[in-house]
Amino acid sequence: MPAANDFPHLHLAFEGSFDVKFKPGFKSHPEVESAKSDRKGHSRKIRGQLESMIREATSNAEVRRATGLPELQGKGFLLRVPEGTDVDALAHYLGVELVAETESGLMFAATETLDLKRLEEVLSLFETGTDGGGGASSVLDVFYQPDDERKLAEQLVGRVKEIWPFEDNTLYTFDLGIQTAASSRTVEWTTLPRRKKDQSDEDRAAQEAELRSKDLEKADEVWMEAADERSSQLDTFIGHYGGVVLDGLKHDSPKETRRGIVFPDSVEVRVRMSGKGFRDLVQNFNHLFEVSLPPDIRFLPGSPETEGADGDLNIMPPDASAPKVCVIDSGIQEEHRWIEPAIDKTTSRCFLPEAEPDDVADYVVPRGHGTRVAGAVLYPREVPKEGDVQPVAWIQNARVLDANNDLPISLPPERYLTEVVAHFAGGGNGTKIFNHSIAAHSPCGGHRMCSWAAKIDDLSHRHDLLFIQAAGNVGPSAIFNSLQDGAEHPAQLLEDHARVSSPAQSLHALTVGSVAHAVVDEEFRRSFARHQDFPSAFSRAGYSPLWEVVKPEVVEYGGDYLRGVPLTQSMPTNAATAPELIASTLHGEPAISSDAIGTSFATPKVAHIAAHLQNLFPEGSAQLYRALIVQSAQWPEWAGNVENKDEVLRLIGYGIPSLERATTNNPQRVTLITAEAKEIRSKQYHLYQITIPDEIRNAALEARIRIDVTLAYTACPRRTRSRRTGYLETWLDWCSICQDEPLDHFKNRMQGNKTRSYPGLPWQIHQQPQYGEVDVSRNFGSVQKDWAVIESNQLPETFAIAVRAHVGWNHKEGAGLARYCLAISFEALDVELPIYTAIEAEIQTQAEIDFWGE
């Protein structure tokens, strides 16, 4: 347990919410300008493409009726549009339904009828130069052929492309993404009643929020009806070809089964069907936007070197009010001596369709997997052998993997995630922390967020949860092949094949990689790691292939392989390079072993820190725990000697988190936090400011100050959106005051007004890559950390941070909700400077001034 907290985190003062005007990002496009210069020619071209599409769709519908194929409604097609187009607005304007967007200048669209009156009206207005026709210039081409290569390139993910066009009589199992929800622009806002004279701004805002919430509830009902309708249409296709839906349900749930796995804008359905049926579906089902293979998970093999222990110790149950950590894995040996006192047995459940709900044991040979993970949550560094021990948290057992440590094809991961959260977080159980040491064997790919990762994002936002996710492992053969081709460790982890695997790209999950805790250097074998805290040979790295988000965000000790000298294909582990873990004794093995490695076992060590944070802030948001874990992370010593900081960020993210830094401070360090999650809507910014005492800014001081800032937020995702800025309902970033910049000037700048420039702080990552020391922006993820080191006498008199909300997929005025937590730290380096007490006193003084000023 952490030591007595003499230096608790202080609270950030919220200075208010303000409106902001963001500069439009749209730039002129040569093809748009060309269309405007030849309005008749452009209209004639698009009109001709549409007419050809309608003729072919009409003929196709007649053939289908005559041959008894499932009936089609309307037509799906592609529109080629200028890069950066607001496709949501364009689809609404043209009177068609946006099925999905892509990052390649194409948008999937659909119409329920072949009567495109609104589109024809827009073309006519454009042709004559009349107001209301401008959108036609953004329609550069219409592609409507069922097997158009551009369509298939976006629709078919990974290996599905390689096996297209499918063998007629071969049975395949694919995951299908079906769009259901229309544009948020179709939502009707209830007109606000006239404001009463005595109504305060707060009451008015609450009244508007309540109305908007009711409007969105109505819209959600409409979207759910659309999900039912689309699922019914899909059932017709599947039934015609004798296919089956693999829903993974053991108990009846007709409504959920009919819809498939529901997302805010789509449903995900796992189907087994003939190639002939899938080919018809891909070519002709209007609202299909993705076809992918079910994920294939991988865990690393261990070596037979083990150690046992039979110490004299007393393990006590956690406090009754202690946090709960749900371990989603292969089950747990619940009677294990080191685990049994901390198991929340009343909630244990198996989610495997072929097993009984109470079959929660860990059958994985030889020493289990979920048992090891659960043990690492409780004992992250070493397993206690004697004395009195009280674990920090209760362990909850959610079994989703079978005895082979595999995810059965009958259990889609989106399904078990939904059911696990409903069981452990719903019904008053209130679990906030979920350890998910499960990942696919290959790097994540595709043109959009996969359904596995998107479901984590959806559940994290909807229920305020923290999923702590393994980055995934690179297998020994892939490591050997890279080294044989001339790569050196850790450079082989920067190759495309070693990127993080699904669902580690989830924006809202906290993804964990692995570093080595020890180094072996012998005559004929040595560890891959050259130093302690160096990347493990197997730890998948970033950036995420999707949007270049920093993944993993943090790393922990997950062990390392040994390599032969000279190199051979044999890569064993031993007790020196593998972490000490609890092991299942179900198959006669020792209760403790040091033989297994992997990001699976680094991940629960971060969950251990999260449990301590929930102990400290029991009513706190999961985003507070995520922010403080990332805030506590720092790069190890070796990283300072690496010239290419971009490689460091890709390999280990923000570094190794610290329980001590996450939970407390010291005389030379202070952390200020938003203790509760703040809600913010699009086109707003929230202001925070900290007065820096003169004694810290004293020009005579020769002190370096490290400033760390971490923003963690969630917003509702839409899987049909492929752009980073459109995937979430609203997306956030943060900005800091510049050196010598007056506070009023900073506020004015944050509102989008033109102002003079001031030199910025030397941020390591920065909003704009050209100013930082890495190749990406800190704004790309939903947890955003940066740090800077400056001389104390260069600190601004008032340090200010603005958290800004940008429009995402929800374009309605007053909508676009996100929830966030913010952490800011100041630490004096190389000198004893009482920074904690100085800032604490300044906060107290300001509070007194505010109190007496009221």
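Residues numbered from 1 in each chain as written. Predicted model: local features only at pLDDT ≥ 70, side-chain atom pairs only at ≥ 80, totals over all residues. Heavy atoms only, no water.

### As for the sheet that holds strand β16 (residues 394-399)
Inference 1: A sheet is described by the order of its strands in space; here seven strands give the open sequence β14-β16-β13-β17-β18-β19-β21, paired in parallel fashion. Strand pairing shows two members of the sheet lacking a second neighbour, β14 (349-350) and β21 (554-557), which therefore form its edges.
Inference 2: Judged from the three bridges that link them, strand β18 (residues 466-470) and strand β19 (residues 510-515) form a sheet pairing that is parallel. The partner of Ile468 across the bridge, within β19, is Leu510.
Inference 3: Across the sheet, helix α15 (residues 622-632) lies against β18, β19 and β21, angled at about 45 degrees from β18, the strand it touches most. (Pairing = 2+ DSSP bridges. Helix = DSSP H or I, 4+ residues; strand = E, 2+ residues; numbered from the N terminus. Contact = heavy atoms within 4.5 Å. Axes fitted to C-alpha atoms, helices over the stretch in contact; angles between N-to-C directions.)

### As for the packing of aromatic side chains
Inference 1: Overall, the coordinates contain 17 aromatic pairs when judged by the stated rule.
Inference 2: Ring geometry for Phe237 and Phe285: centres 5.6 Å apart, planes at 90 degrees, overall edge-to-face. Of this pair, Phe237 sits in helix α7 (residues 201-240) while Phe285 sits in the loop between α9 (275-284) and β11 (288-292), and the two are 48 residues apart along the sequence.
Inference 3: Residue class for Phe285 comes out buried when judged on its relative accessible area of 7%.
Inference 4: With centroids separated by 5.1 Å and ring planes inclined at 85 degrees, the aromatic side chains of Trp635 and Trp787 adopt a geometry described as edge-to-face. Residue Trp635 is located in the loop between α15 and α16 (645-652), and its partner Trp787 is located in strand β30 (residues 783-791); the two are separated by 152 residues in the primary sequence. The same class applies to Trp635 as to Trp787, namely buried. (Phe/Tyr/Trp six-rings, centres within 6.5 Å; stacked < 30°, edge-to-face > 60°. Buried < 20%, exposed > 50% of the residue type's maximum accessible area, 1.4 Å probe, protein only.)

### Brief notes about the sheet that holds strand β6 (residues 141-143)
Inference 1: Read from one edge of the open sheet, four strands run β4-β5-β3-β6, paired in antiparallel fashion. Where the open sheet ends on each side, the last strands, each with one partner, are β4 (97-101) and β6. The average undirected angle you get between the axes of adjacent strands in this sheet is 30 degrees.
Inference 2: For strand β3 (residues 75-80) and strand β5 (residues 106-111), the ladder comprises six bridges, and the chain directions are antiparallel. From the neighbouring strand, Arg80 faces β5, where its bridge partner is Leu106.
Inference 3: Most of the contacts of helix α2 (residues 39-67) go to β6, to which it runs at about 15 degrees, and overall it touches β3 and β6.

### Things to note about the nonpolar core
Inference 1: Counting 90 residues, the largest nonpolar core has Trp338, Ile395, Ile479 and Leu649 as its most contacted members.
Inference 2: Ranked by residues supplied to this core, first place goes to helix α14 (residues 599-616) with eight residues.
Inference 3: Leu401, Ile690, Ile705 and Phe826 belong to the second largest nonpolar core, which has 87 residues in total. (Core = buried A, V, L, I, M, F, W, Y, C linked by side-chain atoms within 4.5 Å.)

### Quick word on unusual backbone geometry
Inference 1: The amide bond that connects Trp164 to the next residue, Pro165, takes the cis arrangement and shows omega of 15 degrees.
Inference 2: Inspection of the secondary structure assignment puts Pro165 in the loop between α6 (159-163) and β7 (171-179).
Inference 3: Looking along the chain, the bond that leaves Ser502 and enters Pro503 is cis, with omega of 5 degrees.
Inference 4: Positionally, Pro503 belongs in the loop between α13 (476-484) and β19.
Inference 5: The backbone of Asp740 sits at a positive phi, close to 65 degrees, despite the residue not being glycine.
Inference 6: Within the element layout of this structure, Asp740 appears in the loop between β29 (730-736) and α20 (743-750).

### Observations concerning the pattern of salt bridges
Inference 1: Following the criterion strictly, the structure yields 37 salt bridges and no others.
Inference 2: In this structure, Arg230 and Glu112 form a salt bridge, with 3.9 Å as the shortest nitrogen-oxygen distance. You can see Arg230 sitting in helix α7 and its partner Glu112 sitting in the loop between β5 and α4 (117-127), a full 118 residues away along the chain.
Inference 3: Put simply, Glu660 and Arg669 hold a salt bridge, and the shortest N to O gap is 3.0 Å.
Inference 4: Counted as one network, the salt bridges with shared partners bring together Glu31, Lys45, Arg80 and Asp141. (Salt bridge = Lys/Arg side-chain N within 4 Å of Asp/Glu carboxyl O.)

### A few points about the pairing of strand β13 (residues 324-329)
Inference 1: With five of six residues buried, β13 is to be regarded as a mostly interior element.
Inference 2: Judged from the six bridges that link them, β13 and β16 form a sheet pairing that is parallel. Looking across to β16, one finds that Val327 is bridged to Asn397.
Inference 3: Pairing of β13 with strand β17 (residues 433-436) involves four bridges; the strand directions are parallel. For Ile328, the partnering residue across the bridge sits in β17 and is His436.

### What about α2?
Inference 1: When the terminal C-alpha atoms of α2 are compared, their 42 Å separation across 29 residues agrees well with the 42 Å that a helix rising 1.5 Å per residue should span.
Inference 2: With its phi angle positive at about 80 degrees, Gly68 sits one or two positions after the end of α2. (Expected span 1.5 Å × (residues − 1).)

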